[in-house]
Amino acid sequence: VALGGTMENKVSQIIWQKFFTNFLQSPSTTFFETRRTGTPELIVNPKSNQSVPADRLPLRWMYPNDEINYNSDNVNEALQRQFGGSDTFIGEMWILK
């Protein structure tokens with residue numbers, strides 16, 4: 001890959017290459033890297049987005065059903081402490097605040 005432009009542009013090109021490499025191999029890595037870096041800047045379609053508000057992308061994974069079924073006391077306590085009791089994918093995690 002021949003990088004060009006400003007340093008910011010070069011970093012963006014590297015992040016894009018990482019995005020392409022991981023896209024089909026490791027979707028969770030792609031999700032977290034996009035959230036962390038903001039690259040690529042994804043376009044949100046409010047008509048098909050399940051987030052509330054519909055113009056935002058998910059910020060976190062929700063707790064899996066097995067965790068809720070087998071560890072509900074701790075899950076509920078964590079949800080209350082971190083997200084006001086709501087297990088939604090737009091809850092802002094402490095690391096993003």
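Residues numbered from 1 in each chain as written. Predicted model: local features only at pLDDT ≥ 70, side-chain atom pairs only at ≥ 80, totals over all residues. Heavy atoms only, no water.

Draft legend 1. Up close: the packing of aromatic side chains. For the structure on display, the rule yields seven aromatic pairs. Aromatic side chains Phe19 and Phe20 sit 6.0 Å apart centroid to centroid with 65 degrees between the ring planes, which places their arrangement in the edge-to-face category. Residue class for Phe19 comes out buried when judged on its relative accessible area of 15%. Accessibility expressed as a relative area gives 52% for Phe20, which makes it exposed. Taken together, a centroid distance of 6.1 Å and an interplanar angle of 85 degrees make the contact between Phe32 and Trp61 edge-to-face. Of the two residues, Phe32 is situated in helix H2 (residues 27-37) and Trp61 in the loop between H2 and helix H3 (65-70); the sequence distance between them amounts to 29 residues. Under the relative-accessibility criterion, Phe32 is labelled partly exposed at 29%. Every member of this aromatic cluster is reached through a ring pair, and the members are Trp16, Phe19, Phe20 and Phe23. (Phe/Tyr/Trp six-rings, centres within 6.5 Å; stacked < 30°, edge-to-face > 60°. Buried < 20%, exposed > 50% of the residue type's maximum accessible area, 1.4 Å probe, protein only. Helix = DSSP H or I, 4+ residues; strand = E, 2+ residues; numbered from the N terminus.)

Draft legend 2. Spotlight on the pattern of salt bridges. In this structure the tally under the stated criterion is four salt bridges. One salt bridge connects Glu33 with Lys18, and the closest N-O pair in it is separated by 3.4 Å. Linking Glu33 in helix H2 with Lys18 in helix H1 (residues 7-22), this pair joins segments that are 15 residues apart in sequence. Since its relative accessible area comes to 40%, Lys18 is described here as partly exposed. Put simply, Arg60 and Asp87 hold a salt bridge, and the shortest N to O gap is 3.0 Å. With Arg60 in the loop between H2 and H3 and Asp87 in the segment after helix H4 (72-83), the pair connects residues that are 27 residues apart, well separated along the chain. Both residues of the pair, Arg60 and Asp87, belong to the buried class. When salt bridges with common partners are traced through the structure, they connect Lys18, Glu33 and Arg36 into a single cluster. (Salt bridge = Lys/Arg side-chain N within 4 Å of Asp/Glu carboxyl O.)

Coordinates in, geometry out; function isn't part of it.
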